[in-house]
Amino acid sequence: MSAQAAVAYRLNDPALAARIDGAPLLAFSVDALWRSARQADAKASRSAALEQAVVNRLLAGSARKTYGEAALFAGQRVAFAHDVMVDDQLVAMLRGLYGKELEQAMQRLPGGSLAGLVTAQPAIAPAALDAVFGRPGQLRLEYALDAGQLARAQDIVVLRYQLPQGPAGAITLADVYRRQNVQGRVALFARQSTHLQQQARLALAALYVQHWSTQRFGAATVADLRRVLDEQDTVQALQQLHGIGNDIDAGSPVVKQLSAQVSGAEIAEYYRRHREEFRRIEKVKARHIRLPDERTAQMVAGQLSGGADFGALARRYSSAADSQTGGELGWLQHSGTPDWLAQLAFAQAEGQVSHPIRSPVGPNDKAVWEIVLVDQRVDGYQDPASETVRYVATNAVAREKAAAQLAALRQRLLGTARIDINRSLLDQPLHVLESRS
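Keep in mind that what you see is a predicted model, and the values were worked out from it rather than measured. (Residues numbered from 1 in each chain as written. Predicted model: local features only at pLDDT ≥ 70, side-chain atom pairs only at ≥ 80, totals over all residues. Heavy atoms only, no water.)

### With respect to helix 1 (residues 27-40)
Step number 1: Compared with the 20 Å implied by 1.5 Å per residue over 14 residues, the 21 Å span of helix 1 between its first and last C-alpha is a close match.
Step number 2: Of the residues making up helix 1, those classed as buried are Ala27, Phe28, Ser29, Val30, Ala32, Leu33, Trp34 and Ser36.
Step number 3: Among the structural elements, strand 2 (16-20), strand 3 (23-26), helix 2 (46-66), helix 4 (82-107), helix 9 (193-217) and helix 10 (219-241) are those in contact with the buried residues of helix 1. (Helix = DSSP H or I, 4+ residues; strand = E, 2+ residues; numbered from the N terminus. Expected span 1.5 Å × (residues − 1). Buried < 20%, exposed > 50% of the residue type's maximum accessible area, 1.4 Å probe, protein only. Contact = heavy atoms within 4.5 Å.)

Next comes the structure, spelled out in structure tokens:
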């Protein structure tokens with residue numbers, strides 16, 4: 001039995017939801033998570049939001065120490081950078097929770113919109129863009145800026161702004177570049193000025209929402225909510241490193257490492273426990289009708305749907321050599337690499353006439369249409385020594401081990417943490433923090 005989290009209920013500061021090893025978790029952040037969750041699920045509880053925030057803080061801290069930013073967010077080369085994604089999530093959450101107040105505040109801006117914050121949009125010389133992106137039309141293997149290019153981009157102002165009761169500032173080309181995924185970077189390298197200006201305005205909108213929120217709730221409060229969202233994303237990345245939440249064929253460093261350690265005995269045991277996963281069609285007994293064009297194929301299909309005899313129509317219309325035997329294909333075995341007609345038969349339900357299917361031929365080759373009927377189907381199981389079984393079982397066993405490792409880490413962190421809770425925020429009993437596994 002694992003150790004239980006050391007949970008106390010000594011907090012009475014309404015601004016605090018919890019302290020985790022002495023560090024504060026603000027009530028505002030937990031309330032924001034809870035209210036956002038309620039937009040999707042009216043039964044979502046504040047207690048569950050608090051528990052998840054506590055667990056995420058522990059797991060995220062461990063993940064960053066163990067794996068680091070680069071390993072956790074390796075997809076940043078094509079996706080949005082992690083810090084940009086967190087900023088966007090923060091802005092989206094604040095807009096979702098305080099949209100009416102934000103709208104009213106924006107109506108009080110000069111001109112009644114965010115455009116009133118823009119004080120200048122300097123023209124950007126083509127030579128300045130060339131110094132950052134290189135000459136237009138160059139063939140590139142990667143749309144990325146090096147340190148020198150980024151420094152030059154930092155000197156190029158896209159727009160200047162003045163925040164209400166706040167500082168004046170500028171959004172540079174480097175600021176816009178930092179917020180792009182690979183498609184956005186391609187647009188910048190292609191000198192799409194509309195995209196550049198649009199992205200600068202979006203960056204200004206995000207700055208305004210954070211500025212308004214800071215004035216409304218305080219810088220420390222907004223920073224804590226951002227940290228909570230960062231930790232949420234970090235835990236999701238940690239889960240994906242352990243093969244949780246991603247596709248079975250998606251790459252996972254932890255799963256890959258554990259896969260190399262899976263033994264033959266473990267594969268055999270997995271096959272024994274999950275034999276039904278390896279059910280397959282051993283053979284089918286099928287008939288077909290081959291037709292020269294789609295119009296004829298649809299006509300024959302219509303007669304079959306009206307109850308006409310399959311064999312009789314095959315003898316009358318099929319252009320295949322087996323037409324006079326009623327289109328008999330005999331028993332088709334599931335072995336080797338079956339041709340496309342056999343694959344069509346294997347995919348067909350027993351006793352059900354297929355729709356007319358066009359043969360897969362080249363653009364200049366004459367196609368035919370096939371109608372298939374499977375009279376009998378015999379199921380079996382993959383050979384336990386086959387490569388298919390080895391791959392599936394190895395991956396599944398490794399994923400089970402990775403999930404168990406992550407669960408053990410979670411329990412170990414909970415077992416050693418000092419957690420102080422503000423009981424007044426709870427709307428139901430705690431489950432995770434007060435339970436043993």
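Past the structure itself, the notes keep going.
### Focus on unusual backbone geometry
Step number 1: Residues other than glycine seldom take positive phi values, yet Gln165 does so here, at roughly 50 degrees.
Step number 2: Relative to the elements of secondary structure, Gln165 occurs in the loop between strand 5 (157-162) and strand 6 (168-172).
Step number 3: Residue classification places Gln165 among the exposed positions, given a relative accessible area of 72%.
Step number 4: One non-glycine residue, Arg191, adopts positive backbone phi at about 65 degrees.
Step number 5: In this structure, Arg191 sits in the loop between helix 8 (182-189) and helix 9.

### A look at the domain arrangement of the protein
Step number 1: The domain architecture assigned to the protein consists of domain 1 (76-217) and domain 2 (280-381).
Step number 2: Of note, the centres of domain 1 and domain 2, computed from C-alpha atoms alone, are 58 Å apart. (Domains from an automatic or database assignment.)

### Details of the pairing of strand 3
Step number 1: Looking at chain direction, strand 2 and strand 3 are connected through four bridges and run antiparallel. Across the sheet, the residue bridging to Ile20 is Ala23, located in strand 3.
Step number 2: Linking strand 2 back to strand 3 in an antiparallel pair, the connection comprises two residues, with Asp21 at a positive phi of about 50 degrees. (Pairing = 2+ DSSP bridges.)

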